[in-house]
Amino acid sequence: MKTLTLLISPLAKSAFYGAFVEIAKAELTWLLGAQEVHYKRVGAMDFFEIQASAQQLPQMASLASIYGIFECQAGRLVPLPVNSPFELHEDFVFGAKYRGKTNELLTQLLINVGLRSIEYSAVSDVKLLDPMCGRATTLLWAMRYGMQAKGIEQDAKALADIRQNVKKWCKIHRLKHRFEEGFVGKANRQNRGKFISFAANNASMRVIAGDSANAGSLLRGEKFNLLVSDLPYGIQHFTTEKTRNPLAVIKACAQGWSASLKPGGAMVLAFNSYSPKRDELIEVFADYQMEALDFSAAHRMSESIVRDVVILKKKAAY
Ligand SMILES: C[S@@+](CC[C@H](N)C(=O)[O-])C[C@H]1O[C@@H](n2cnc3c(N)ncnc32)[C@H](O)[C@@H]1O
């Protein structure tokens, strides 16, 4: 075991606001296991000091809030050359800026805590679903991890935006890739079931236009290891044909989302804890054999939004 000093990324402040130290700590301890974490501030920089083994270094390099890993040698902090394991240029995830985009570090944290909550032999075997994927921040992150990812988005215009964005970065970074588009089921003017797929570096993603309440049919019964999503924060963003009540939309989706997970799989949801409340959200999924794990990452974003994260694990025998 060595004493390591971890520099917290300055970007963590714009992701997690006043709670960035607590959330960096929550992610760190979830990934590395319970241990003593000492926080210290030097000038404008924020650090953690921990005891860790060399085997834990790659995992530390993928933490959303950690920007650098240092070892103390003869009273000086020496940066360790630990490379993060990611494929695809970071522009694919961080490059586009648009209204409603989920913070990139929050998305990375959701994937990290989800991976730590399931069993798998290689990350390339992990299949991830974002059933409310917007313009694909989660799916592009999943590709950087080397996974196969799928998403559902009610706004069919998102498909063209994603295509344009991804094409741009493929051109700039001269990346060999494949694009495909089509329909799940019959082609139709409303674009229900329309999809685009993008594959590069042995990873892939597909975005399907449609209402997530129909996840079962849109995904043709496919099963995933991880479901990761940033749920809409206000009722104005929950615009299915059936209802504008957030809890009612989640209830309409819960069966299909749970059924799309493999036994032992996990669901990681970011949500505005004013609506639905954490307990209400957990209760909806309890009907489908999903159990909440002991993780949370509550942080105030504005007067009307306290964002939190819940991890729900599907019982292995279900
Ligand atoms: C917080 S945003 C996700 C943003 C996304 N992570 C990104 O960075 O682009 C929530 C998304 O859920 C979508 N949504 C809401 N209700 C939906 C439904 N019933 N089916 C599919 N998508 C839905 C919204 O259109 C919105 O794009």
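Residues numbered from 1 in each chain as written. Predicted model: local features only at pLDDT ≥ 70, side-chain atom pairs only at ≥ 80, totals over all residues. Heavy atoms only, no water.

1. Looking at the overall build of the protein chain
In terms of regular secondary structure, the protein chain is built from 10 helices and 15 strands. Whereas a compact globule of 318 residues would reach a radius of gyration of roughly 20 Å, the protein chain reaches 20 Å, a difference of no more than 12%. For the protein chain, with 318 residues in total, the buried portion stands at 52%. Of all intrachain contacts in the protein chain linking residues separated by at least 6 positions in sequence, the fraction that spans at least 24 positions is 69%. A total of about 15,200 Å² of accessible surface is found on the protein chain, and carbon and sulfur atoms cover 50% of it. (Helix = DSSP H or I, 4+ residues; strand = E, 2+ residues; numbered from the N terminus. Rg over C-alpha atoms; globule rule 2.2 N^0.38 Å. Buried < 20%, exposed > 50% of the residue type's maximum accessible area, 1.4 Å probe, protein only. Contact = heavy atoms within 4.5 Å. Areas by Shrake-Rupley, 256 points an atom, 1.4 Å probe, with all protein chains shown as cover.)

2. A word on helix α6 (residues 137–145)
An α-helix turns once per 3.6 residues; consequently, residues spaced three or four apart project the same way. The buried fraction of α6 amounts to 9 of the 9 residues, a majority that puts the element mostly inside the structure. For α6, the set of buried residues is Thr137, Thr138, Leu139, Leu140, Trp141, Ala142, Met143, Arg144 and Tyr145. Phi turns positive one or two residues past the end of α6, at Gly146, with a value near 95 degrees.

3. Re the domain arrangement of the protein chain
Splitting the protein chain by domain gives domain 1 (2–79) and domain 2 (91–314). Between the C-alpha centres of domain 1 and domain 2 the distance comes to 27 Å. Facing the 17 residues of domain 1 at the interface are 21 residues of domain 2. Of the roughly 1,500 Å² buried at the junction of domain 1 and domain 2 (both faces included), carbon and sulfur atoms supply 68%. On inspection of domain 1 and its partner domain 2, the count reaches 0 salt bridges. Among the elements of the structure, α1 (11–16) and α2 (20–32) are those that each provide at least two residues to the side of domain 1 that touches domain 2. Taken together, the residues of the side of domain 1 that touches domain 2 sort by class into 12 nonpolar, 4 polar and 1 charged. (Domains from an automatic or database assignment. Buried area = accessible area lost by both parts, 1.4 Å probe. Salt bridge = Lys/Arg side-chain N within 4 Å of Asp/Glu carboxyl O. Nonpolar A, V, L, I, M, F, W, Y, C, P; charged D, E, K, R; others polar.)

4. A closer look at the nonpolar core
In this structure, Met60, Phe198 and Met205 are the most contacted members of the largest nonpolar core, which totals 74 residues. Ranked by residue count, the leading element in this core is α2, at 8 residues. Among the domains, domain 1 (2–79) and domain 2 (91–314) are the pair contributing at least three residues each to this core. With near-sequence residues (within four places) excluded, Met60 lies in contact with Leu4, Leu6, Leu32, Ile50, Ala52, Ile66 and Ile69. (Core = buried A, V, L, I, M, F, W, Y, C linked by side-chain atoms within 4.5 Å.)

5. Some details on the site of the ligand
For the ligand, the set of nearby residues contains 21 residues, the closest of which are Tyr98, Thr102, Arg135, Thr137 and Glu153. Between the ligand and the protein, one listed contact pairs an oxygen atom with a side-chain N or O atom of Thr137 at 2.6 Å. Burial of the ligand by the protein chains amounts to 92% of its free accessible area of 600 Å². Its residues assigned to classes, the shell around the ligand comprises 7 nonpolar, 9 polar and 5 charged. (Near = heavy atom within 4 Å. Polar contact = N/O pair within 3.5 Å; in protein donor to acceptor, adjacent residues only side chain to side chain.)

6. Section: the layout of surface pockets
Taken as a whole, the second largest pocket encloses approximately 480 Å³ of empty space. For the lining of the second largest pocket, the secondary-structure elements that each account for two or more residues are α3 (57–61), β4 (66–73), α5 (104–116) and α6. A class-by-class count of the residues in the lining of the second largest pocket yields 14 nonpolar, 6 polar and 2 charged. When we break the lining of the second largest pocket down by domain, the ones giving at least three residues each are domain 1 (2–79) and domain 2 (91–314). (1 Å grid on protein atoms, 1.4 Å probe; cavity = no way out; pocket = protein on both sides within 12 Å on 5 of 7 lines; lining within 4 Å. Points joined across faces, edges and corners; volume = space filled by probe spheres on them.)

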